[in-house]
Amino acid sequence: MTRTPIATSIIDLFARTCAAHPHAVALDIPPADERARTLMTYAELDRASGAIARLLSPSSLSPDSLSSDSLSSDSHGESVVILALARSDPRLYAAMLGVMRAGYAYCAVDPLFPARQAADIVADCAAIAIVADPARGAEIATAGVPPVITPTIIDRAIADHLDGAESLASPTISPTSLAYVIYTSGTTGRPKGVEIEHRSILNLVSYDVSEFGLGVGDRVAQGSSASYDSSLEEIWMAWAVGATVLVMDDETARLGPDLLPWLQRERVTVLCPPPTLLRTLDCDDPQRALPEIRLLYVGGEALPPDLADLWSRGRRLENGYGPTECTVTCLRTTVRPGEEVTIGRSIPGTTAFVIDPDHAQLCEITDQLRGELVIGGASLARGYRGQPETTAARFIAHPSLGRVYRTGDLVHRDSSGTFHYHGRIDAQVKLRGYRIELGAIEARLAAHPSVLESACTVEGEDAQRRLVAHVVMREECIIDADALRSFIGYFSSYCMA
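Within each chain, residues carry numbers counting from 1 in the order of the written sequence. Local features in a predicted model are, by the rule used here, given only for residues with pLDDT of at least 70; side-chain atom pairs are given and counted only at 80 or more, and totals for whole chains, interfaces and linings are based on all residues. Side-chain calculation: all heavy atoms of the structure are included, whereas hydrogens and water are not.

Undergrad: It is not clear to me how the overall build of the chain should be interpreted in this structure. Could you clarify?
TA: If you tally the helices and strands in the chain, you get 17 helices and 26 strands. Of all 497 residues assigned to the chain, the portion counted as buried reaches 53%. When contacts within the chain are restricted to residue pairs at least 6 apart in sequence, those whose partners lie at least 24 apart make up 62%. The Shrake-Rupley method, run with a 1.4 Å probe, gives the accessible areas here. Residue values count only the displayed protein chains as cover. Total accessible area on the chain is roughly 21700 Å²; 51% of this is exposed by carbon and sulfur atoms. Secondary structure elements follow DSSP: runs of H or I of four or more residues count as helices, runs of E of two or more count as strands, with numbering from the N terminus. Burial classification: accessible surface area is computed with a 1.4 Å probe over protein chains only, and a residue below 20% of its type maximum counts as buried, one above 50% as exposed, and the rest as partly exposed. Contacts are residue-level and defined by heavy atoms, with any inter-residue pair within 4.5 Å sufficient.

Undergrad: Which parts of the structure should I look at to understand the pairing of strand E13 (residues 316–321)?
TA: Consecutive side chains of a regular strand alternate in pointing toward one face of the sheet and then the other. Taking burial as the measure, the six residues of E13 include five buried ones, the bulk of the element. Two strands qualify as a pair provided that DSSP identifies no fewer than 2 bridges between them. Bridging between strand E12 (residues 295–298) and E13 involves four bridges; their strand directions are parallel. If you follow Val-298 over to E13, its bridge partner there is Asn-319. Following the chain from E12 across helix H14 (residues 305–311) to the adjacent parallel E13, one finds a crossover that is right-handed. Direction of pairing for E13 relative to strand E14 (residues 331–335): antiparallel, over a ladder of five bridges. When the strands point away from the viewer, a crossover counts as right-handed if the route from the first strand across the helix to the second turns clockwise.

Undergrad: Help me understand the pattern of salt bridges in this model?
TA: Pairs may arise between side chains of opposite charge once their charged atoms sit close together. For this document, the term salt bridge refers to a Lys or Arg side-chain nitrogen within 4 Å of an Asp or Glu carboxyl oxygen. Counting across every chain of the model gives 26 salt bridges. Note that Asp-89 is salt-bridged to Arg-91, the shortest N-O span being 3.0 Å. Looking at Asp-89, the relative accessible area reads 11%, which means it is buried. The partly exposed category is assigned to Arg-91, whose relative accessible area is 22%. Residues Arg-316 and Glu-211 are paired through a salt bridge, measuring 2.6 Å at the closest nitrogen-oxygen approach. In this pair, Arg-316 sits in strand E13 while Glu-211 sits in helix H8 (residues 198–212), placing the two residues 105 residues apart along the sequence. Classification of Arg-316 by relative accessible area gives partly exposed; the value is 24%. Classification of Glu-211 by relative accessible area gives partly exposed; the value is 27%. Among the charged side chains, a salt-bridge network with shared partners connects Asp-28, Arg-37, Arg-219 and Glu-266.

Undergrad: How should the environment of Ala-443 be read in this particular structure?
TA: Considering the arrangement of structural elements, one finds Ala-443 in helix H16 (residues 438–446). Looking at Ala-443, the relative accessible area reads 28%, which means it is partly exposed. Sequence separation between Ala-443 and Asp-306 is 137 residues; the distance between their C-alpha atoms is 9.0 Å.

Undergrad: Explanation requested: the state of the cysteines in the structure shown.
TA: In a disulfide, the sulfur atoms of two cysteines are covalently bonded to one another. Throughout, disulfides are identified as pairs of cysteine sulfur atoms within 2.5 Å of each other. Going through the model one piece at a time under the given rule, you end up with zero disulfides. The cysteine Cys-125 is free of any disulfide, with Cys-107 supplying the nearest cysteine sulfur at 5.0 Å. When its relative accessible area of 0% is taken as the criterion, Cys-125 is described as buried.

Undergrad: Explanation requested: the confidence of the model for the chain in the structure shown.
TA: It should be kept in mind that the predicted coordinates are not to be read in detail where pLDDT is low. What pLDDT reports is the predictor's confidence in each residue, on a scale of 0 through 100. Looking at the chain, the pLDDT average stands at 86 and 86% of residues meet or exceed 70. This model gives residues 63–76 a pLDDT under 50, and the stretch forms 22 contacts once residues within four places in sequence are excluded.

Undergrad: Where do I start with the side chain of Ser-49 in this structure?
TA: The topology assignment puts Ser-49 in helix H2 (residues 42–55). Among the residues examined, Ser-49 registers a relative accessible area of 0% and is labelled buried. Residues within four places of Ser-49 in sequence aside, it is in contact with Ala-94, Leu-97, Gly-98 and Arg-101.

Undergrad: Hey, could you run me through the packing of aromatic side chains in this one?
TA: Two descriptors summarise a pair of aromatic rings, namely the distance from one centre to the other and the angle between the planes of the rings. Two aromatic rings, drawn from Phe, Tyr or Trp (for Trp, its six-membered ring), form a pair once their centres lie within 6.5 Å of each other, and the interplanar angle then sorts them: stacked below 30 degrees, edge-to-face above 60, tilted otherwise. Inspection of every chain in the model, using the stated rule, returns nine aromatic pairs. Here Phe-14 and Tyr-42 contribute two aromatic rings whose centre-to-centre distance is 6.0 Å and whose plane-to-plane angle is 40°, an arrangement assigned as tilted. With Phe-14 in helix H1 (residues 10–20) and Tyr-42 in helix H2, the pair connects residues that are 28 residues apart, well separated along the chain. For Phe-14, a relative accessible area of 2% puts it in the buried group. With relative accessibility at 0%, the residue Tyr-42 sits in the buried group. Between Tyr-384 and Phe-395, the aromatic rings sit 5.7 Å apart at their centres with planes inclined by 65°, giving edge-to-face as the arrangement. Here Tyr-384, found in strand E18 (residues 383–384), pairs with Phe-395, found in strand E19 (residues 395–398); they are eleven residues apart in sequence, far enough to count as distant. Under the relative-accessibility criterion, Tyr-384 is labelled buried at 3%. Grouped by ring-pair contacts, the aromatic residues Phe-14, Tyr-42, Trp-236 and Trp-239 constitute a single cluster.

Undergrad: Whenever I open this one, unusual backbone geometry confuses me. Can you help?
TA: Excluding glycine, most residues fall at negative phi; most peptide bonds, likewise, are trans. With a phi angle near 50°, Ala-126 is a residue other than glycine that sits in the positive phi range. As for its placement among the helices and strands, Ala-126 is situated in the loop between helix H5 (115–124) and strand E5 (129–131). What makes Ala-126 partly exposed here is its relative accessible area of 21%.

This is how it looks when you write it as structure tokens:
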């Protein structure tokens with residue numbers, strides 16, 4: 001069944017939420033150290049983003065920043081504004097909206113990124129403006145980059161906007177307009193800017209709305225840096241329905257077991273952590289400790305079975321899968337206690353297939369054999385900003401499946417159509433005649449009650465090659481290598497802990 005989009009762009013969706021819930025709290029930034037709590041309603045966030053959009057109008061930006069080179073679709077596509085504010089700064093969220101309202105795309109650069117890395121991103125995406133503190137803006141600006149829009153400038157613009165300054169007409173934003181750019185690490189050493197259109201993020205959020213049933217009373221923890229695509233789903237599953245985005249700043253995210261009282265105190269109802277964060281909470285009874293969390297949406301890495309069993313009791317546990325190139329999460333499933341953990345099925349509007357990566361024609365595998373997962377449909381990014389050759393290599397025109405993205409992930413699809421994840425294709429190793437998936441060993445080790453985290457590698461050369469497992473034990477737990485070898489079963493012949 002084809003779904004009717006609830007809006008034509010993500011900005012259109014936000015406008016509808018503001019109209020329906022103007023006085024609901026859109027943003028809650030809890031106190032920390034000497035910082036007081038910050039609350040913004042949807043109406044306030046709407047006005048602030050409108051003021052920033054006005055700041056970014058062609059009449060406000062310097063003529064040099066809007067040269068034909070920076071706006072040329074032949075070189076880089078639509079223009080991008082860099083956001084380099086901390087996620088505990090409410091102006092960051094207003095700027096995300098304001099940039100898109102102005103007809104541009106945003107690219108968030110974490111303030112903790114080294115200056116050289118951030119400057120490379122600014123240059124690579126041909127940014128027309130930087131939203132940052134003065135010192136950080138000067139640090140990451142490159143030759144020819146236009147003005148730095150500081151918090152002081154933003155505050156003045158918001159005040160003028162509240163005093164009745166004339167609003168500018170919003171540019172037309174179509175489903176195919178560029179919404180944001182997320183940079184990922186490249187295997188060649190050059191970062192890759194993944195370009196996502198409005199229709200892709202809107203398709204994802206539309207499904208979130210219909211699937212999760214969130215509403216105004218929900219408090220969605222925003223635990224990801226804005227420079228990572230996981231932040232998009234955290235933010236927009238709230239903003240699509242009038243719920244509250246509750247900001248978990250960098251210091252809070254690093255609390256480990258101390259994060260538990262923060263989640264309790266802030267009455268979090270939706271949490272979207274990587275499995276590693278769940279493990280560091282070291283909570284032996286999540287159902288009792290966090291009864292208000294009704295949706296736990298994990299992703300970013302494989303979900304170990306022991307965590308799935310522990311955290312799926314008493315709430316909905318959703319396991320999401322998706323590379324940045326496929327708009328946050330493009331496959332998902334509901335995890336239930338005692339059941340096998342899978343990555344589920346593709347979301348509506350998106351297609352998923354298994355192909356034989358070694359076959360000359362990249363033929364589709366229709367039975368339960370393992371192969372490479374490829375994704376098509378609405379979730380697909382445009383490609384990599386300014387890198388047409390890399391884009392063509394990963395976003396291929398398949399003769400029968402259409403345009404698809406090669407994920408590099410090893411999967412199989414069972415008879416029900418559910419996909420099972422088996423790690424990276426390039427992470428599969430052959431040792432003494434056996435094909436071994438490092439992720440499978442890591443997952444098995446993580447299931448041991450004394451193990452907090454694990455990682456596996458192959459070390460040595462030729463006949464001396466061996467599988468080595470590195471483990472981090474829980475506090476006050478002691479276990480010897482032989483016991484771990486026994487626990488991981490047939491891998492023990494090749495593994496030394």
